Amino acid sequence: MRKVLVIGAGGQIGTELVIRLREKLGVQNAIAADVKTECPTSLEDGPYVQMDVLDREAVRAYIIEEKITEVYLLAALLSATAEKHPDFAWKLNMEGLFTILDLAKEGYLKKIFWPSSIAVFGPTTPRENTPQRTIMEPSTVYGISKQAGERWCEYYFEKFGVDVRSIRYPGLISYTSLPGGGTTDYAVDIFYQAKLGNSFSCFLKKDTRLPMMFMEDAIRATLDLMEAPVENIRIRSSYNLSGCDFTPEEIANEIKTHVPGFEIGYAPDERQAIADSWPSSIDDSEARKDWGWAEKYNLQDLVTVMIENINVQLLT
Ligand code: SER
């Protein structure tokens, strides 16, 4: 019997992950938790608990009392916000992870999902088709926290047998909730401006290529990874995962095929340096080999679905 807790359920990944987990496990078996006092409207059909992941004792008490078997720990500050609040980012991104890893070590949890990111790579990493194992010298607070987290996940698996599984997500594109504080967020914001009939000012240069993925692919990958037989999971740091890759100019051109007259301008800011330190494309052959990963959405597919479904009401 699986009873899962999604911490950070109000965020971009969490809102969609909870819905899919509820479809799979039954509404009562997928509990949404977030620091916000109000439950996000889309998750009102099931259990919601207000939880601060930094309150170690409260998190422990809840997980033990409710007999939670699996945790998806999504609460984090993303790359651009973390640069503005480095101390808090390090605290938030690391302390929650230890709380959950320790609960699994003590036998209270069977499985953990913890997201890593392409941000674990840095300016000295080979940028194209970045391999699973390569130079990793991240230059952002977010990247440093994710790389450290990966090392700790592998350590808890090796030393204590903790079944922790992880994906290095690329930039995630979705329409059900807004992203916040990431360097890849432009590739979501652009759809809202196109839909509103506005031109878009991009904070990255037109030729900055980054790895990206449509959310449906990312959720399917997460569920598949968590359901894969334990012996298939040969990487306990975090799996490289690739969807597609594109530049701001390429996504704008694709949007123009749906929204004629759409215009984009470029005004690079401090996020350009972050993007320049990350890979442009990812080699995910280990995920394909170990648990059968294959993406479904390329740039054309994701633009079509985004244009059809984007809801500008979310901006208000
Ligand atoms: N999408 C994230 C960010 O831009 C990368 O993991 O921070």
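Up top is the structure these notes are about.
Keep in mind the model is a prediction, meaning the values are calculated, not measured. (Residues numbered from 1 in each chain as written. Predicted model: local features only at pLDDT ≥ 70, side-chain atom pairs only at ≥ 80, totals over all residues. Heavy atoms only, no water.)

## Notes on the sheet that holds strand E13 (residues 244-246)
Ordered by their spatial adjacency, 3 strands build an open sheet running E9-E11-E13, and the pairing between neighbours is mixed. Since the sheet does not close on itself, it has two edges, and those belong to strand E9 (171-173) and E13, each with one partner. Neighbour-to-neighbour, the strand axes of this sheet turn through a mean angle of 45°, independent of strand direction. Of the pairings in the sheet, the one linking strand E11 (residues 210-214) to E13 comprises 3 bridges and is antiparallel in character. Looking across to E13, one finds that Pro211 is bridged to Asp245. Sheet strands in contact with helix H11 (residues 299-309) are E9, E11 and E13, and its direction is about 85° off that of E13. (Pairing = 2+ DSSP bridges. Helix = DSSP H or I, 4+ residues; strand = E, 2+ residues; numbered from the N terminus. Axes fitted to C-alpha atoms, helices over the stretch in contact; angles between N-to-C directions. Contact = heavy atoms within 4.5 Å.)

## So, the nonpolar core
It is characteristic of soluble globular proteins that their nonpolar side chains tend to be buried jointly. Formed by 69 residues in total, the largest nonpolar core has its most connected members in Leu5 and Phe191. By size, the runner-up hydrophobic cluster in this structure holds 34 residues, among which are Val4, Leu17, Tyr169 and Ile219. (Core = buried A, V, L, I, M, F, W, Y, C linked by side-chain atoms within 4.5 Å. Buried < 20%, exposed > 50% of the residue type's maximum accessible area, 1.4 Å probe, protein only.)

## With respect to the environment of Asp224
As for its position among the elements, Asp224 is in helix H7 (residues 215-227). Overall, the relative accessible area of 31% leaves Asp224 in the partly exposed class. Sequence-wise, Asp224 and Trp293 are 69 residues apart; in three dimensions their C-alpha atoms are separated by 8.0 Å.

Any link to function would need more than the numbers given here.
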